Amino acid sequence: MARLNELLRARAHAEEGLTEEEARYAAQRECGNALLLRERSREAWGFAWLDTLFQDLRYGLRQLRRNPGFSAGAIIVASLGMAATCIVFSFADAAVFRALPYKNVSRLVAVGMTDLKNNPNWNGVPIPVFLNWREHAKDVVQLGASHQVLGKTLVGGTEPAVVFDYAVSEGLFDLLGVRPILGRSFLPTDYNAGGPHAILLSYDMWQRFFNGQVSAVGRNVTLDGVGYTIVGVMPPGSPLPGTSDWARNCWTPLIFNSKEKSDIHNFSLAVWGRLKSGASSGKAQAALSTLALQVMSAAGVRNEANWRVEVTPLRQRVINRWRSILILLLGAVGLLLVIACANVASLLLARARSRNKEIAVRTAIGASRTRVVRQLLTESVILGGMAGALGILLAHWGIMLERHLLPERLRATSLQSIGLDPRVVAATLVVSLIVGVTFGLVPALYTSKVDLVGSLSAGGGRGNLRWRGRNAQSIFVVAEVALSLALLMGAGLMLRSFLKLEGVHAGLDPHEVLTLRIFLPQYFYHKPEDRVAAYRRLLRRIKPLPGVQSVGLVAPLPLAGVDATLGMPVQPGMADVHGSAKLDVGFHAVSPGYFSAMGIPLLRGRDFNAQDTRNSEKVAIVDKAFADRYWPGQDPIGKELFPAYPKSTPVVHVVGEVGSVRDLSLAENPRPQIYNPYTQYFLAAFAGTLVIKTPSRASIAVGIAKTVHSVEPEAPVSRIETMRQVLGQSIAQKRLYLAMVCVFAALALVLAGAGVASTVSYLASRQKHEIGIRMALGAQRSDVLKMVVWQGLKVALAGVILGIAGALALTRFLASMLYGVTPTDPFTFIAVSLILIAVAVLACYIPARRAVEVDPMVALRYE
């Protein structure tokens, strides 16, 4: 404005020869006309609201700059809630949306068949049914399938690798909308039987075993002894829904032979589909069910009514996988965000007292209440936006820490890509603006309704805002204390549950135990005697190494995430079978020395020895849980068992009893288990784990791996871990979720304390005159201190009582996630309540102490 006035004055002075004063008046008149014309022009074009908006923004920024302490406190408090929100958004984005990197994912479905009577948890599809679907359901859904083969050996990279081979049907990647980032996908010619063999590598496998070299495409490799040509590299992540362990995935063409095309009993295919335009999941399910029953009836399969075809939207299936933890985290962060909003709203109400006269002046000179509310909301939205920006920065650091703490078993899932996606940032900023309006609305409405006479008087500022503001602020603090207590109760229950789980004895001694997974390639060790000889050579070479106290072999390793269940016919005379014809018990194939290496006590009988061979008497060892359930009060030694596989195997004699081991999960009681010599049952599996008792496990690990490669060059070695690490990995997922919830609960505790402190500080400032009178009349500082503390503590206690009632209702949803702790655990409720009360007392004491240290003469002159 000044620059424009100066230019107009200079022009008038030069053109008309006016004096300096006349030129100044002419410039002011012309400038005013120009501004009037501009204002009328903006009103005509509907841009007047922009001036008002910019004016509100400028004034709001000035107000925040004039109160740096308040602004910093409000922004930090709100940013903590926004950071937690951003982290949970990132977790949900990685778990759900990044797990579905497909084209038009809303039309993708997962298709399966379920045997409702015999195996309700399995949803594979027989090959003849899939081929029939693909041929006759084209007008409803486009289908593709894959077949997973575990444990193939890929040779041709930097070292031999055990891979998961997913054979995919023609057009499956096109159906999903996934393309290689390097090379090409499968062509129709790749599906010709007997033609050239093509293979696609996962991105992580390309990086790990081929050093990320572009020249890897076109290289020849062998997969279980069969030659393949690498034709492409898939993008990071999993191109197939529901698969993991990406570092060891590869894909080959799925080719059916004539026998497989007619095998109606092999439910081995995983099937996905893309719905045609206008088709729904229900319509597709009805069409596929009819076709499946026709195929099964034609093949002579009875009881078709026991089979059900399920067509599930792909997004729903992925969400179901993470539903419980997402509900937990979203609930926790929702409570934390509400607590942060209540805290900032409380701060805004406390600040309202200092602005009471300002709002009264604005109202007196003509500002409407709507205009005042809009200005105050603009300031709160600015606070919310700044808090959102700071929250995103804090979330970035939190996500980096979260990725570092991610359990090994979750790093092979879509969670390994957790990060700040543009969608997450945009969603966080939108939430921050909504939060800005939310925590600013109530204070704005309270502040904008003032008593002009009282506010403009000499005492200024008390007016009727005193009691309305005081009551509203107390309500906010009660709400945030109650919500904080509910969140703390949930975190406390999960913490107690985790501590109990961590203290569970697994039935083995993980101290100084090293594990190495060995895989014997099927193409090289296809004969059982070859595998037995290979394992014997390995055990014989490792046992005399320096530092090795004992060594054994097991398949599978307990608590490693593998469920080995053996279906065994019931032996006459067994108890607790409830009319069952078959027992489902845990199974492990082990070598002599395994129980000693793992610290599993031998209770009765003998261990396996070198005389337990393929041609000797078939023997087994059962655990205490097996003996107690099926032969209670009896000696299991000498008992006979009838094996389920192979049928020609003679009766197995029990020669020993060992302690029970929690082989599936620390949270589950030991199940009945049976151990067989690796030389007899399954005739030495292709995959086994060496278990080595050694005090120098860190230094000996590399030497043992080299020994394995020197003895069996074709045998890949993986998962070199201590048994303590295996146990830690089994509960690492619970530890991650607990850490996130505990961080949110700790933030809630801090915010609740800050809310109580701000309330006491506000009340003390309002009573400064009263405090001065009391102290001038002889009141002791301790009495005044108790009075001020009690005023704030009453608010906190009301929040605690309300929070206990809410926690009793909310913690019931955690029942399925707890171990050894009930949702209404008295110890947790009492301990958490006392902690929150202690924090509230401290939060009341600090501002109260500052209030009573004021000079009575100063307090008497207050306002």
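Cut-off values and rules
- Residues numbered from 1 in each chain as written.
- Predicted model: local features only at pLDDT ≥ 70, side-chain atom pairs only at ≥ 80, totals over all residues.
- Heavy atoms only, no water.
- Helix = DSSP H or I, 4+ residues; strand = E, 2+ residues; numbered from the N terminus.
- Buried < 20%, exposed > 50% of the residue type's maximum accessible area, 1.4 Å probe, protein only.
- Contact = heavy atoms within 4.5 Å.
- Areas by Shrake-Rupley, 256 points an atom, 1.4 Å probe, with all protein chains shown as cover.
- Polar contact = N/O pair within 3.5 Å; in protein donor to acceptor, adjacent residues only side chain to side chain.
- Pairing = 2+ DSSP bridges.
- Arc of directions from axis to C-beta.
- Patch = residues over 30% accessible without salt bridge, like charges linked within 9 Å, V, L, I, M, F, W, Y side chains within 5 Å.
- Salt bridge = Lys/Arg side-chain N within 4 Å of Asp/Glu carboxyl O.
- Lys, Arg positive; Asp, Glu negative; His and termini not counted.
- Charge placed at Lys NZ, Arg CZ, Asp CG, Glu CD.
- Phe/Tyr/Trp six-rings, centres within 6.5 Å; stacked < 30°, edge-to-face > 60°.
- pLDDT = per-residue confidence, 0-100.
- Expected span 1.5 Å × (residues − 1).
- Axes fitted to C-alpha atoms, helices over the stretch in contact; angles between N-to-C directions.
- Parallel < 35°, antiparallel > 145°, perpendicular 65-115°, else oblique.
- Left-handed = near helix turned anticlockwise from the far one by under 90°.

**Student:** Would you explain the overall build of the chain in this entry?
**Tutor:** In terms of regular secondary structure, the chain is built from 25 helices and 21 strands. The buried share among the 863 residues of the chain stands at 49%. Partitioning the contacts of the chain with sequence separation of at least 6, the portion at a separation of at least 24 is 81%. Put simply, the chain shows about 39,500 Å² of open surface, and 59% of that area lies on carbon and sulfur atoms.

**Student:** I keep staring at the side chain of Ser 202 and nothing clicks. Help me out?
**Tutor:** You can see Ser 202 is positioned in the loop between β5 (198–201) and α7 (203–210). The class for Ser 202 is buried, based on a relative accessible area of 2%. A distance of 3.1 Å separates the side chain of Ser 202 from the backbone nitrogen of Met 205, its partner in a polar contact.

**Student:** Explain the pairing of strand β6 (residues 220–223) to me, please; I cannot follow it from the model alone.
**Tutor:** With burial as the criterion, only one face of β6 is covered, namely that bearing Val 221 and Leu 223; the residues Asn 220 and Thr 222 on the opposite face remain uncovered. Where β6 meets strand β7 (residues 226–233), 4 bridges bridge the pair, whose relative direction is antiparallel. In the strand pairing of β7, Thr 222 is matched with Gly 227. Counting the residues in the hairpin turn of β6 and β7 gives 2 residues, including Asp 224, whose phi is positive at 55°.

**Student:** Quick question: what am I supposed to make of α7 here?
**Tutor:** Since the α-helix turns once every 3.6 residues, residues separated by three or four places project in the same direction. The set of residues buried in α7 consists of Met 205, Trp 206, Phe 209 and Phe 210. Buried residues along α7 cover an arc of 100° about the axis, so they all sit on one side. Phi turns positive one or two residues past the end of α7, at Asn 211, with a value near 55°.

**Student:** Can you walk me through a positive patch on the surface in this structure?
**Tutor:** Positive charge collects at one region of the surface, where Arg 58, Arg 62, Arg 65 and Arg 66 lie side by side. Within the secondary structure layout, Arg 58 lies in helix α3 (residues 48–66). For Arg 58, a relative accessible area of 47% gives the class partly exposed.

**Student:** What's the story with the packing of aromatic side chains in this structure? I'm lost.
**Tutor:** Aromatic ring pairs: the centre-centre distance and the angle between the two ring planes describe each pair. Applying the stated criterion across every chain yields a total of 9 aromatic pairs. Between Tyr 203 and Trp 206, the ring centres sit 5.8 Å apart and the planes meet at 65°, which makes this aromatic pair edge-to-face. Taken together, the residues span about one helical turn, with Tyr 203 and Trp 206 both in helix α7 at a distance of 3 residues. Among the aromatic residues, those joined into a ring-pair cluster are Phe 173, Phe 186, Tyr 191 and Trp 251.

**Student:** Please clarify how the environment of Ser 497 should be interpreted in this entry.
**Tutor:** Relative to the assigned elements, Ser 497 resides in helix α15 (residues 465–502). Assessed through its relative accessible area of 5%, Ser 497 is described here as buried. Distance in space between the C-alpha atoms of Ser 497 and Met 817 is 8.4 Å, their sequence separation being 320 residues. With residues near it in sequence (within four places) discarded, Ser 497 still touches Met 817, Leu 818, Tyr 819 and Val 821.

**Student:** What is the right way to look at the confidence of the model for the chain in this model?
**Tutor:** Caution applies to low-pLDDT regions: their predicted coordinates should not be interpreted in detail. Considering every residue of the chain, the mean pLDDT works out to 79; 81% of them sit at 70 or more. Least confident of the elements in the chain is helix α1 (residues 2–16), whose mean pLDDT is 49; most confident is β5, at 93. Confidence drops under pLDDT 50 across residues 11–15; counting only partners more than four residues distant or on other chains, this segment forms 9 contacts. Across residues 458–469, where pLDDT falls below 50, the model places 29 contacts with residues more than four positions away in sequence or in other chains.

**Student:** Looking at this structure, how should I read helix α16 (residues 528–542)?
**Tutor:** Spanning 15 residues, α16 covers 21 Å between terminal C-alpha atoms, matching the ideal 21 Å at 1.5 Å per step. Here α16 has its buried residues at Arg 531, Val 532, Ala 534, Tyr 535, Leu 538, Leu 539 and Ile 542. The arc enclosing the buried residues of α16, seen along the axis, measures out at 160°, which places them on a common side.

**Student:** Sorry, what's going on with the packing of helix α5 (residues 127–136) against helix α9 (residues 281–298) here?
**Tutor:** Each pair of packed helices gets described by two things: the angle between the helix axes and the distance between those axes. Relative to each other, α5 and α9 sit at 130°, their axes nearing to 9 Å. In terms of their interaxial angle, α5 and α9 are classed as oblique. As α5 runs across α9, the sense of the crossing is right-handed. Residues Pro 128, Val 129, Asn 132, Trp 133 and His 136 of α5 touch α9, and the partners they reach there are Leu 288, Leu 291, Ala 292, Val 295 and Met 296.

**Student:** What exactly am I supposed to notice about the pattern of salt bridges here?
**Tutor:** When charged atoms on two side chains of opposite charge get close, those side chains can pair. Scanning the entire structure with this criterion turns up 12 salt bridges. Close ionic contact of Asp 628 with Lys 624 constitutes a salt bridge, the shortest N to O distance being 2.7 Å. Within this pair, Asp 628 and its partner Lys 624 are both found in helix α18 (residues 624–630), separated by 4 residues, close to a single helical turn. Classification of Lys 624 as partly exposed rests on a relative accessible area of 38%.

**Student:** Help me understand a nonpolar patch on the surface in this model?
**Tutor:** There is a patch of nonpolar side chains on the surface, built from Leu 393, Trp 397 and Met 400 and spanning about 330 Å² of accessible area. In this fold, Leu 393 is placed in helix α12 (residues 369–405).

**Student:** What is the right way to read unusual backbone geometry from this model?
**Tutor:** Where the residue is not glycine, phi is negative for most of them; where a peptide bond is considered, it is trans in most cases. Residues Ala 555 and Pro 556 are joined by a peptide bond in cis, for which omega reads -5°. As for its position among the elements, Pro 556 is in the loop between β12 (550–555) and β13 (565–569). Positive phi, close to 55°, is recorded for Asp 224, a residue that is not glycine. Examined against the element boundaries, Asp 224 turns out to sit in the loop between β6 and β7. Backbone geometry at Leu 559 places phi at a positive 60°, although glycine is not the residue there. Along the chain, Leu 559 falls in the loop between β12 and β13. In this structure Leu 559 comes out as buried when scored by relative accessible area, which is 1%.

**Student:** It is not clear to me how the environment of Ala 506 should be interpreted in this structure. Could you clarify?
**Tutor:** Along the chain, Ala 506 falls in the loop between α15 and β11 (513–519). When its relative accessible area of 6% is taken as the criterion, Ala 506 is described as buried. For the pair Ala 506 and Arg 662, spaced 156 residues apart in sequence, the C-alpha to C-alpha distance is 5.2 Å. If sequence neighbours within four positions are ignored, Ala 506 has contacts with Leu 559, Ser 660, Val 661, Arg 662, Leu 666 and Leu 727.

**Student:** Which parts of the structure should I look at to understand the side chain of Gln 673?
**Tutor:** Here Gln 673 shows up in strand β19 (residues 673–677). Setting aside anything within four residues of it in sequence, one finds Gln 673 in contact with Gly 586, His 588, Ile 621, Val 622, Asp 623, Phe 626, Val 661 and Asp 663.

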